[in-house]
Amino acid sequence: GSLDECVRWFSKGIWLAESKTVQDVPSDLHSILYSNRSFAHIKQKKWAEAEEDCSKALALNAKNTKAVYRRAMARFELGKFEGAKADVEQVLKDLPDPSSNKEAVDLKWKIADALAQAASEQIAARPKSPQSGYAAAEPFPEIKLEHSKKGVEDAKNQGNSLFSQGSLDECVRWFSKGI
């Protein structure tokens, strides 16, 4: 069947639960209907609809890890990187076994790259100093690095280490400093 057909069936199930046409629908089942419809929206690249359905699924069952992961995906595609980061970190906390969370780890790397890119663009957009041509204010002055190739390597290595420890904000700061 088509994705549109999937959305219609999930929507019908949601309607049955919400209209009380069917009594006593467990909240975890109601949550799964929203989460599964969100997956169809993701396949259709309807990111806003997917994010909304995941949020509704999580309002019904906060432990729905698939809904958290799918919302992270949708938020990433919508450019809501901080929300996506929070969601993917929750998934990795709930699923610490590397064999069960490869997609979440991959998504976390993509989010870290996007955050670093956004930070780099903010730095590049700063006004230039007429004397030096460099940005007027050095980013993250509390992070001390050698102004050399070695300094850039040090920033990359520290950023990678922080990322592997789950310190996404701090890793973005180090990557941005190295840029």
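Residues numbered from 1 in each chain as written. Predicted model: local features only at pLDDT ≥ 70, side-chain atom pairs only at ≥ 80, totals over all residues. Heavy atoms only, no water.

1. Focus: helix 2 (residues 27-43)
Taking 1.5 Å as the rise per residue, helix 2 with 17 residues should run 24 Å; its terminal C-alpha atoms sit 25 Å apart, in good agreement. Close packing links the buried residues of helix 2 with helix 1 (3-18), helix 3 (47-60) and helix 4 (65-77). Following helix 2 by one or two positions, Lys45 has its phi on the positive side, about 65°. (Helix = DSSP H or I, 4+ residues; strand = E, 2+ residues; numbered from the N terminus. Expected span 1.5 Å × (residues − 1). Contact = heavy atoms within 4.5 Å.)

2. Description of the environment of Gly151
Positionally, Gly151 belongs in helix 7 (residues 149-164). For Gly151, a relative accessible area of 1% translates into the label buried. C-alpha of Gly151 to C-alpha of Lys177: the two residues are 26 residues apart in sequence and 9.5 Å apart in space. Beyond its immediate stretch of four places on either side in the chain, Gly151 contacts Leu145 and Glu146. (Buried < 20%, exposed > 50% of the residue type's maximum accessible area, 1.4 Å probe, protein only.)

3. Digging into the pattern of salt bridges
Overall, the coordinates contain ten salt bridges when judged by the stated rule. In this structure, Glu51 engages Lys80 in a salt bridge whose closest nitrogen and oxygen atoms are separated by 2.8 Å. Residue Glu51 is located in helix 3, and its partner Lys80 is located in the loop between helix 4 and helix 5 (81-94); the two are separated by 29 residues in the primary sequence. Glu52 is paired through a salt bridge with Lys56; the nearest N and O atoms lie 3.1 Å apart. Separated by four residues within a single helix, Glu52 and Lys56 lie in helix 3, roughly one turn from each other. The network of salt bridges with common partners includes Glu51, Arg71, Arg75, Lys80 and Asp87. (Salt bridge = Lys/Arg side-chain N within 4 Å of Asp/Glu carboxyl O.)

4. A short note on the packing of helix 3 against helix 4
It is at 8 Å that the axes of helix 3 and helix 4 come closest, and there the two elements cross at 150°. With respect to each other, helix 3 and helix 4 are oriented roughly antiparallel. For the element pair helix 3 and helix 4, the recorded crossing hand is left-handed. Side by side, helix 3 and helix 4 meet where Trp47, Ala50, Glu51, Cys54, Ser55, Ala57 and Leu58 of the first sit next to Ala67, Val68, Arg70, Arg71, Ala74, Arg75 and Glu77 of the second. Across the contact of helix 3 with helix 4, the residue classes break down as eight nonpolar, one polar and five charged. (Axes fitted to C-alpha atoms, helices over the stretch in contact; angles between N-to-C directions. Parallel < 35°, antiparallel > 145°, perpendicular 65-115°, else oblique. Left-handed = near helix turned anticlockwise from the far one by under 90°. Nonpolar A, V, L, I, M, F, W, Y, C, P; charged D, E, K, R; others polar.)

5. Some words on the side chain of Ser31
By the secondary structure assignment, Ser31 is in helix 2. Among the polar contacts listed, one links the side chain of Ser31 to the backbone oxygen of Ala57, at a separation of 2.7 Å. Ignoring anything within four residues of it in the chain, the contact list for Ser31 reads Ala57, Leu58, Leu60, Asn61 and Asn64. (Polar contact = N/O pair within 3.5 Å; in protein donor to acceptor, adjacent residues only side chain to side chain.)

6. What about helix 5?
Between its first and last C-alpha, helix 5 extends 20 Å over 14 residues, near the 20 Å set by a 1.5 Å rise per residue. Within helix 5, the full set of buried residues consists of Ala84, Lys85, Asp87, Val88, Val91 and Leu92.

7. Focus on the packing of aromatic side chains
Considering all chains together, one arrives at one aromatic pair under this definition. Between Phe76 and Phe81, the aromatic rings sit 5.7 Å apart at their centres with planes inclined by 55°, giving tilted as the arrangement. Judged by its relative accessible area of 15%, Phe76 is buried. (Phe/Tyr/Trp six-rings, centres within 6.5 Å; stacked < 30°, edge-to-face > 60°.)

8. Details of the packing of helix 1 against helix 2
Between helix 1 and helix 2, the shortest axis-to-axis distance is 9 Å and the interhelical angle comes to 160°. As summarised for this structure, helix 1 and helix 2 are arranged roughly antiparallel, according to the angle between their axes. Viewed along their axes, helix 1 and helix 2 form a crossing whose handedness is left-handed. On helix 2, the residues that touch Leu3, Cys6, Val7, Phe10, Ser11, Gly13, Ile14, Ala17 and Glu18 of helix 1 are His30, Leu33, Tyr34, Asn36, Arg37, Ala40, His41 and Lys43. Along the lines of polarity and charge, the residues of the contact of helix 1 with helix 2 split into nine nonpolar, five polar and three charged.

It is worth stressing that arrangement in space is one thing and function is another; only the former is reported here.
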